[in-house]
Amino acid sequence: MSKKLKIAITVATSVLIIVIVIISTFFIVKHFKYKEKIDNIIEDYSDENIQDRLDNEAIKSTDDLMQQIDGEYVIGVIKIDKIGFSGLVYKGTSLDTLSKGVGHFDSSPYLNGNVCLAAHNTSKVHTLKKGDKIIYTSFLGTKEYSVTDMLQISETDWTKLSNTTENMLTLLTCVKGKPTQRLCVQALETD
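Conventions we followed
- Residues numbered from 1 in each chain as written.
- Predicted model: local features only at pLDDT ≥ 70, side-chain atom pairs only at ≥ 80, totals over all residues.
- Heavy atoms only, no water.
- Patch = residues over 30% accessible without salt bridge, like charges linked within 9 Å, V, L, I, M, F, W, Y side chains within 5 Å.
- Areas by Shrake-Rupley, 256 points an atom, 1.4 Å probe, with all protein chains shown as cover.
- Salt bridge = Lys/Arg side-chain N within 4 Å of Asp/Glu carboxyl O.
- Helix = DSSP H or I, 4+ residues; strand = E, 2+ residues; numbered from the N terminus.
- Buried < 20%, exposed > 50% of the residue type's maximum accessible area, 1.4 Å probe, protein only.
- Core = buried A, V, L, I, M, F, W, Y, C linked by side-chain atoms within 4.5 Å.
- Contact = heavy atoms within 4.5 Å.

Notes on a nonpolar patch on the surface
And then number 1: A surface patch of nonpolar side chains, amounting to about 640 Å² of accessible area, comprises Ile7, Val11, Val15, Val19, Ile23, Phe26 and Phe27.
And then number 2: Turning to its location among the elements, Val11 is positioned in helix 1 (residues 3–44).

Looking at the environment of Leu95
And then number 1: Summarising the element assignment, Leu95 is placed in helix 3 (residues 95–100).
And then number 2: Taking the relative accessible area as the measure of exposure, Leu95 reaches 67% and is therefore exposed.
And then number 3: The spatial distance from the C-alpha of Leu95 to the C-alpha of His120 is 9.3 Å, given a sequence separation of 25 residues.

A word on the nonpolar core
And then number 1: Grouped together as the largest cluster of nonpolar side chains are 34 residues, with contacts concentrated most on Ile78, Leu117, Ile134, Tyr136 and Leu169.
And then number 2: At the level of elements, helix 1, strand 2 (72–80), strand 3 (85–91), strand 5 (114–119), strand 6 (133–138), strand 7 (141–154), strand 8 (168–175) and strand 9 (178–189) are the ones that each hand at least two residues to this core.
And then number 3: Element by element, the count of residues in this core is highest for strand 2, at 5 residues.
And then number 4: When sequence neighbours within four positions are dropped, the list of residues in contact with Ile134 reads Ile78, Lys79, Ile80, Lys143, Glu144, Tyr145, Val147, Leu169, Leu171 and Ala187.
And then number 5: With 8 residues, the next largest nonpolar core counts Phe105, Cys116, Ala118 and Ile153 among its residues.

Remarks on the pattern of salt bridges
And then number 1: Throughout the structure, instances matching the rule amount to 6 salt bridges.
And then number 2: Between Lys82 and Asp132 there is a salt bridge, with the nearest N and O atoms lying 3.1 Å from each other. In this pair, Lys82 sits in the loop between strand 2 and strand 3 while Asp132 sits in the loop between strand 5 and strand 6, placing the two residues 50 residues apart along the sequence.
And then number 3: Among the ionic pairs, Lys143 bridges to Glu189, the shortest N-O distance being 3.3 Å. Pair noted here: Lys143 is in strand 7 and Glu189 is in strand 9, with a separation of 46 residues, a long-range link.
And then number 4: Since its relative accessible area comes to 12%, Lys143 is described here as buried.
And then number 5: Via salt bridges that share partners, Glu72, Asp96 and Lys100 belong to a single interconnected network.

The structure is reproduced here in structure tokens:
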């Protein structure tokens with residue numbers, strides 16, 4: 001191998017390594033910033049801080065109780081330890097909102113009743129089993145749920161989003177390879 005070719009390979013390899021390090025650093029920093037946002041929301045929305053927020057005289061609507069991140073109202077955080085998932089829950093379910101995290105259906109309650117959430121299929125939600133735990137922290141409090149049902153429904157089936165007297169969580173996400181289907185996970189509040 002010629003000396004020029006060795007130098008070219010060395011330079012190309014060095015540039016490639018530098019590019020990989022820069023890209024990796026970007027994603028690592030982005031991950032830790034997102035984790036910091038989640039930790040801040042959990043702290044601000046903790047049960048200890050609820051009464052302080054509710055007693056604030058400047059509160060005129062529920063929007064005043066929520067923080068804004070990335071230009072969106074943040075309702076809370078959902079954590080599913082079994083699959084290593086933690087995500088910010090934003091108000092609404094537009095494509096722009098879902099590109100940032102988990103969306104909350106406007107027609108569902110924030111804490112009591114059937115809290116309905118949607119997200120892109122980027123986690124391992126499909127691997128959940130009955131009995132798996134989900135923790136949901138909203139600006140009104142924290143609840144723990146246990147998965148009771150996992151089923152595929154039509155993308156036009158909205159019956160699982162109806163409100164209930166039971167405190168439950170309904171998660172909807174796409175089904176890989178089935179664009180007209182949605183995975184519906186329902187979980188009941190644990191005692």
